[in-house]
Amino acid sequence: MEIFKRPFEGEPETREVSTADGQTEYHVTVKELTPLRARLADIADVLFGIYVTGLLIALFLNDPHQDWAAVVTAALFFGCYWKARSGLRDSFRKQTKLRLNAEHLAVWQSGGWVCFDRKLPHRFGILQHDYAPMEKLKVEFERQKAAMKRKVLFRKPYYGDSFIVCLDYLGQRQDLVTVYGRKEASAVVARLQACDEIIESRSRQGRGAPIDPADQWGHQPGDLETSASSTLH
(Lines give C-alpha, C1' and ligand atoms only; values in the text may rest on other atoms or scores of the structure.)
Protein backbone atom coordinates (compact mmCIF):
# COMPACT_ATOMS: atom_id res chain seq x y z
CA MET A 1 0.00 0.00 0.00
CA GLU A 2 1.31 3.41 -0.95
CA ILE A 3 1.01 6.27 1.51
CA PHE A 4 1.35 9.77 0.07
CA LYS A 5 2.63 12.48 2.35
CA ARG A 6 0.91 15.84 2.12
CA PRO A 7 3.28 18.74 1.38
CA PHE A 8 2.60 20.54 4.66
CA GLU A 9 2.31 17.71 7.17
CA GLY A 10 3.86 18.14 10.59
CA GLU A 11 5.15 21.25 12.27
CA PRO A 12 4.91 24.14 11.89
CA GLU A 13 1.16 24.14 11.26
CA THR A 14 0.46 25.45 7.75
CA ARG A 15 -2.83 26.26 6.05
CA GLU A 16 -3.51 27.25 2.45
CA VAL A 17 -6.18 29.95 2.32
CA SER A 18 -7.95 31.63 -0.59
CA THR A 19 -8.34 35.35 -0.03
CA ALA A 20 -11.30 37.51 -1.12
CA ASP A 21 -9.45 38.65 -4.25
CA GLY A 22 -8.75 35.06 -5.31
CA GLN A 23 -5.12 34.90 -4.21
CA THR A 24 -3.54 31.96 -2.44
CA GLU A 25 -2.14 32.74 0.98
CA TYR A 26 -0.24 30.50 3.36
CA HIS A 27 -0.76 30.86 7.10
CA VAL A 28 2.12 29.39 9.10
CA THR A 29 1.80 29.09 12.88
CA VAL A 30 5.06 28.44 14.72
CA LYS A 31 4.70 27.02 18.24
CA GLU A 32 8.17 26.56 19.70
CA LEU A 33 10.15 27.24 22.83
CA THR A 34 12.43 30.26 23.16
CA PRO A 35 15.60 29.96 25.29
CA LEU A 36 13.91 31.65 28.27
CA ARG A 37 10.78 29.54 27.94
CA ALA A 38 12.89 26.37 27.61
CA ARG A 39 14.63 27.23 30.90
CA LEU A 40 11.28 27.90 32.61
CA ALA A 41 9.87 24.64 31.22
CA ASP A 42 12.82 22.69 32.67
CA ILE A 43 12.38 24.38 36.06
CA ALA A 44 8.64 23.63 36.04
CA ASP A 45 9.38 20.00 35.11
CA VAL A 46 11.77 19.62 38.07
CA LEU A 47 9.35 21.27 40.51
CA PHE A 48 6.47 19.13 39.25
CA GLY A 49 8.61 16.01 39.65
CA ILE A 50 9.51 16.96 43.23
CA TYR A 51 5.83 17.57 44.00
CA VAL A 52 4.78 14.19 42.61
CA THR A 53 7.61 12.42 44.44
CA GLY A 54 6.50 14.08 47.68
CA LEU A 55 2.93 12.88 47.16
CA LEU A 56 4.13 9.31 46.52
CA ILE A 57 6.28 9.35 49.64
CA ALA A 58 3.34 10.67 51.67
CA LEU A 59 1.14 7.92 50.23
CA PHE A 60 3.50 5.17 51.36
CA LEU A 61 4.08 6.76 54.76
CA ASN A 62 0.32 6.83 55.34
CA ASP A 63 0.15 3.15 54.38
CA PRO A 64 2.92 1.39 56.33
CA HIS A 65 1.72 -2.05 55.17
CA GLN A 66 2.23 -1.03 51.52
CA ASP A 67 -0.58 -3.19 50.20
CA TRP A 68 -1.28 -3.70 46.50
CA ALA A 69 -3.80 -0.85 46.40
CA ALA A 70 -1.10 1.63 47.41
CA VAL A 71 1.34 0.22 44.85
CA VAL A 72 -1.22 0.38 42.04
CA THR A 73 -2.25 3.91 43.03
CA ALA A 74 1.37 5.01 43.05
CA ALA A 75 1.98 3.43 39.64
CA LEU A 76 -1.09 5.13 38.15
CA PHE A 77 -0.08 8.44 39.70
CA PHE A 78 3.44 8.18 38.28
CA GLY A 79 2.03 7.20 34.87
CA CYS A 80 -0.21 10.28 34.81
CA TYR A 81 2.77 12.43 35.76
CA TRP A 82 4.86 10.98 32.93
CA LYS A 83 2.07 11.63 30.43
CA ALA A 84 1.55 15.16 31.70
CA ARG A 85 5.22 16.14 31.28
CA SER A 86 4.95 16.74 27.52
CA GLY A 87 1.78 18.76 27.98
CA LEU A 88 3.45 20.84 30.67
CA ARG A 89 6.35 21.60 28.34
CA ASP A 90 4.00 22.41 25.47
CA SER A 91 2.26 25.00 27.61
CA PHE A 92 5.44 27.09 27.58
CA ARG A 93 5.69 27.24 23.78
CA LYS A 94 5.37 30.65 22.16
CA GLN A 95 3.07 31.07 19.17
CA THR A 96 4.14 33.21 16.21
CA LYS A 97 1.97 33.71 13.12
CA LEU A 98 3.31 34.32 9.62
CA ARG A 99 1.51 34.86 6.32
CA LEU A 100 2.83 34.62 2.78
CA ASN A 101 1.13 35.56 -0.48
CA ALA A 102 2.23 36.79 -3.90
CA GLU A 103 2.67 40.34 -2.63
CA HIS A 104 3.81 40.17 0.98
CA LEU A 105 5.43 38.21 3.76
CA ALA A 106 3.98 39.24 7.12
CA VAL A 107 4.83 38.31 10.71
CA TRP A 108 2.73 39.14 13.77
CA GLN A 109 4.90 41.10 16.21
CA SER A 110 3.99 43.32 19.16
CA GLY A 111 0.27 43.29 18.42
CA GLY A 112 0.46 44.06 14.70
CA TRP A 113 1.49 42.70 11.31
CA VAL A 114 4.97 43.61 10.08
CA CYS A 115 4.96 43.26 6.29
CA PHE A 116 7.74 42.83 3.73
CA ASP A 117 7.44 43.09 -0.04
CA ARG A 118 7.87 39.53 -1.30
CA LYS A 119 8.84 40.70 -4.79
CA LEU A 120 12.05 42.27 -3.52
CA PRO A 121 15.18 40.07 -3.21
CA HIS A 122 14.94 37.94 -0.10
CA ARG A 123 15.81 34.58 1.39
CA PHE A 124 15.30 32.70 4.66
CA GLY A 125 17.98 31.38 6.98
CA ILE A 126 18.91 30.65 10.60
CA LEU A 127 21.53 32.26 12.83
CA GLN A 128 22.69 31.17 16.26
CA HIS A 129 21.24 33.33 19.01
CA ASP A 130 23.12 36.58 19.63
CA TYR A 131 23.57 35.75 23.33
CA ALA A 132 25.18 32.34 22.66
CA PRO A 133 28.83 33.57 22.77
CA MET A 134 28.24 35.38 26.08
CA GLU A 135 26.58 32.31 27.57
CA LYS A 136 29.51 30.16 26.46
CA LEU A 137 32.03 32.53 28.10
CA LYS A 138 30.02 32.61 31.32
CA VAL A 139 29.74 28.83 31.51
CA GLU A 140 33.46 28.40 30.79
CA PHE A 141 34.32 30.85 33.57
CA GLU A 142 32.10 29.03 36.06
CA ARG A 143 33.55 25.69 34.96
CA GLN A 144 37.08 26.90 35.64
CA LYS A 145 36.05 28.15 39.09
CA ALA A 146 34.50 24.76 39.83
CA ALA A 147 37.64 22.96 38.61
CA MET A 148 39.76 24.96 41.07
CA LYS A 149 37.56 23.54 43.84
CA ARG A 150 37.86 20.05 42.30
CA LYS A 151 34.22 20.05 41.34
CA VAL A 152 32.53 19.15 38.06
CA LEU A 153 30.10 21.68 36.64
CA PHE A 154 27.50 20.99 33.98
CA ARG A 155 25.25 23.73 32.66
CA LYS A 156 22.68 23.04 29.99
CA PRO A 157 23.07 25.56 27.14
CA TYR A 158 19.94 27.47 26.26
CA TYR A 159 21.10 30.35 24.07
CA GLY A 160 23.79 28.10 22.60
CA ASP A 161 21.08 25.71 21.39
CA SER A 162 18.77 28.49 20.21
CA PHE A 163 18.51 29.95 16.72
CA ILE A 164 16.86 32.94 15.11
CA VAL A 165 14.88 32.39 11.93
CA CYS A 166 15.75 35.41 9.81
CA LEU A 167 14.66 37.03 6.59
CA ASP A 168 17.51 38.42 4.52
CA TYR A 169 15.61 41.35 3.01
CA LEU A 170 17.64 43.38 0.51
CA GLY A 171 20.75 42.36 2.43
CA GLN A 172 19.29 43.45 5.76
CA ARG A 173 18.61 41.06 8.62
CA GLN A 174 15.01 40.88 9.79
CA ASP A 175 14.38 38.55 12.75
CA LEU A 176 11.17 36.55 12.45
CA VAL A 177 11.14 33.82 15.12
CA THR A 178 13.44 32.70 17.95
CA VAL A 179 13.46 28.91 18.30
CA TYR A 180 15.09 26.63 20.87
CA GLY A 181 16.63 23.70 18.98
CA ARG A 182 18.39 23.55 15.61
CA LYS A 183 16.08 20.85 14.25
CA GLU A 184 12.99 22.88 15.08
CA ALA A 185 14.46 26.08 13.62
CA SER A 186 15.47 24.26 10.42
CA ALA A 187 11.91 22.93 10.08
CA VAL A 188 10.53 26.48 10.24
CA VAL A 189 12.96 27.70 7.57
CA ALA A 190 12.19 24.72 5.32
CA ARG A 191 8.44 25.36 5.62
CA LEU A 192 8.77 29.07 4.80
CA GLN A 193 10.98 28.28 1.82
CA ALA A 194 8.48 25.68 0.57
CA CYS A 195 5.57 28.13 0.77
CA ASP A 196 7.65 30.83 -0.90
CA GLU A 197 8.69 28.57 -3.76
CA ILE A 198 5.13 27.39 -4.41
CA ILE A 199 3.95 31.00 -4.54
CA GLU A 200 6.81 31.75 -6.92
CA SER A 201 5.89 28.85 -9.19
CA ARG A 202 2.26 29.93 -9.27
CA SER A 203 3.27 33.41 -10.34
CA ARG A 204 4.32 31.70 -13.64
CA GLN A 205 7.84 32.98 -13.62
CA GLY A 206 9.25 29.56 -14.40
CA ARG A 207 10.91 29.22 -10.98
CA GLY A 208 10.06 27.55 -7.70
CA ALA A 209 8.54 24.18 -6.92
CA PRO A 210 5.36 23.51 -8.95
CA ILE A 211 2.68 21.37 -7.35
CA ASP A 212 0.30 21.66 -10.33
CA PRO A 213 1.13 21.29 -14.07
CA ALA A 214 -0.20 24.80 -14.73
CA ASP A 215 2.31 26.15 -12.24
CA GLN A 216 5.12 25.31 -14.67
CA TRP A 217 3.89 27.65 -17.42
CA GLY A 218 6.08 30.68 -17.93
CA HIS A 219 5.00 34.03 -19.37
CA GLN A 220 3.52 33.79 -22.84
CA PRO A 221 3.42 36.54 -25.49
CA GLY A 222 0.59 38.91 -24.67
CA ASP A 223 0.64 38.28 -20.90
CA LEU A 224 -0.25 41.40 -18.95
CA GLU A 225 1.99 40.65 -15.97
CA THR A 226 5.34 42.38 -16.31
CA SER A 227 6.68 42.57 -12.76
CA ALA A 228 9.50 40.17 -11.98
CA SER A 229 9.85 38.43 -8.63
CA SER A 230 13.16 37.88 -6.92
CA THR A 231 15.13 34.67 -7.29
CA LEU A 232 14.87 32.56 -4.14
CA HIS A 233 17.62 30.54 -2.54
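Residues numbered from 1 in each chain as written. Predicted model: local features only at pLDDT ≥ 70, side-chain atom pairs only at ≥ 80, totals over all residues. Heavy atoms only, no water.

### What about the overall build of the protein?
We count it as follows: Numbered from the N terminus, helices here are DSSP runs of H or I no shorter than four residues, and strands are runs of E no shorter than two. The criterion used for residue contact is that any of the two residues' heavy atoms lie within 4.5 Å. Where accessible areas are quoted, they stem from the Shrake-Rupley method and a 1.4 Å probe; at the residue level, only the protein chains shown are allowed to cover.
Secondary structure summary: the protein contains four helices and eight strands in total. Element order for the protein, N to C, with α for helix and β for strand: β-β-α-α-β-β-β-β-α-β-β-α. Pairs at least 24 residues apart make up 59% of the contacts formed inside the protein by residues separated by at least 6 positions. For the protein, the accessible surface area stands at approximately 15400 Å², while carbon and sulfur atoms represent 58% of it.

### What about the sheet that holds strand β3 (residues 94-100)?
Which entries qualify depends on this criterion: Here, a strand pair is defined by DSSP locating no fewer than two bridges between the strands. Helix axes are fitted only over the stretch in contact, all axes being lines through C-alpha atoms; the angle between N-to-C directions runs from 0 to 180 degrees.
Spatially, the five strands line up as an open sheet ordered β1-β2-β3-β4-β5, and their pairing is antiparallel. If you trace the sheet from one side to the other, it starts and ends with β1 (13-18) and β5 (112-117), each paired once. Here the average twist between neighbouring strands, direction ignored, is 20°. Relative to β5, strand β4 (residues 104-109) runs antiparallel, the two being bridged by six bridges. Bridge pairing in β5 places Val107 opposite Val114. Contacting β1, β2 (24-32) and β3, helix α4 (residues 182-202) runs over the sheet at an angle of about 180° to β2.

### Things to note about the side chain of His27
Put simply, the test is: Classification of residues uses two cut-offs on accessible area relative to the type maximum, computed with a 1.4 Å probe and protein chains only: under 20% is buried, over 50% is exposed, and between them is partly exposed. Two N or O atoms count as a polar contact when they lie within 3.5 Å, although within protein this holds only if one can serve as hydrogen donor and the other as acceptor, and sequence-adjacent residues are included solely when both atoms are side-chain atoms.
Here His27 lies in strand β2. On the basis of relative accessible area, His27 is assigned to the buried category, the value being 13%. Here the side chain of His27 touches Glu25 through a polar contact of 2.7 Å, side chain to side chain. If near-sequence neighbours (up to four positions away) are discounted, His27 is found in contact with Glu13, Thr14, Arg15, Val17, Leu98 and Arg99.

### What to know about the packing of aromatic side chains
The line we're drawing: The rule is short: rings of Phe, Tyr and Trp, with Trp giving its six-membered ring, pair when the centres are within 6.5 Å, and they are stacked under 30 degrees, edge-to-face over 60, tilted in between.
Taken as a whole and assessed by the stated rule, the structure comprises five aromatic pairs. Ring centres 5.1 Å apart and planes at 70° place the aromatic pair Phe116 and Tyr169 in the edge-to-face group. Separated by 53 residues along the polypeptide, Phe116 in strand β5 and Tyr169 in strand β7 (residues 162-169) bring together distant segments of the chain. For Phe116, a relative accessible area of 8% puts it in the buried group.

### Considerations on a nonpolar patch on the surface
Spelled out, the test is: Patch building starts from residues that exceed 30% relative accessible area and form no salt bridge, then joins like charges within 9 Å and nonpolar side chains (Val, Leu, Ile, Met, Phe, Trp, Tyr) within 5 Å. By definition here, a salt bridge exists when the distance from a side-chain nitrogen of Lys or Arg to a carboxyl oxygen of Asp or Glu is within 4 Å.
Where nonpolar side chains cluster on the molecular surface, the patch consists of Leu36, Leu40, Ile43, Val46, Leu47 and Ile50 and spans about 570 Å² of accessible area. Mapping Val46 onto the fold places it in helix α1 (residues 35-61).

### Considering the nonpolar core
Stated precisely, the cut-off is as follows: We define the nonpolar core as a collection of buried residues of types Ala, Val, Leu, Ile, Met, Phe, Trp, Tyr and Cys that are connected through side-chain atoms lying within 4.5 Å of one another.
Core analysis: the biggest nonpolar cluster contains 24 residues, and Leu98, Leu100, Phe124, Val165, Leu176 and Leu192 have the highest contact counts within it. For this core, the secondary-structure elements that each account for two or more residues are β2, β3, β4, β7, β8 (172-180) and α4. In terms of residue count, α4 provides more of this core than any other element does, seven residues in total.

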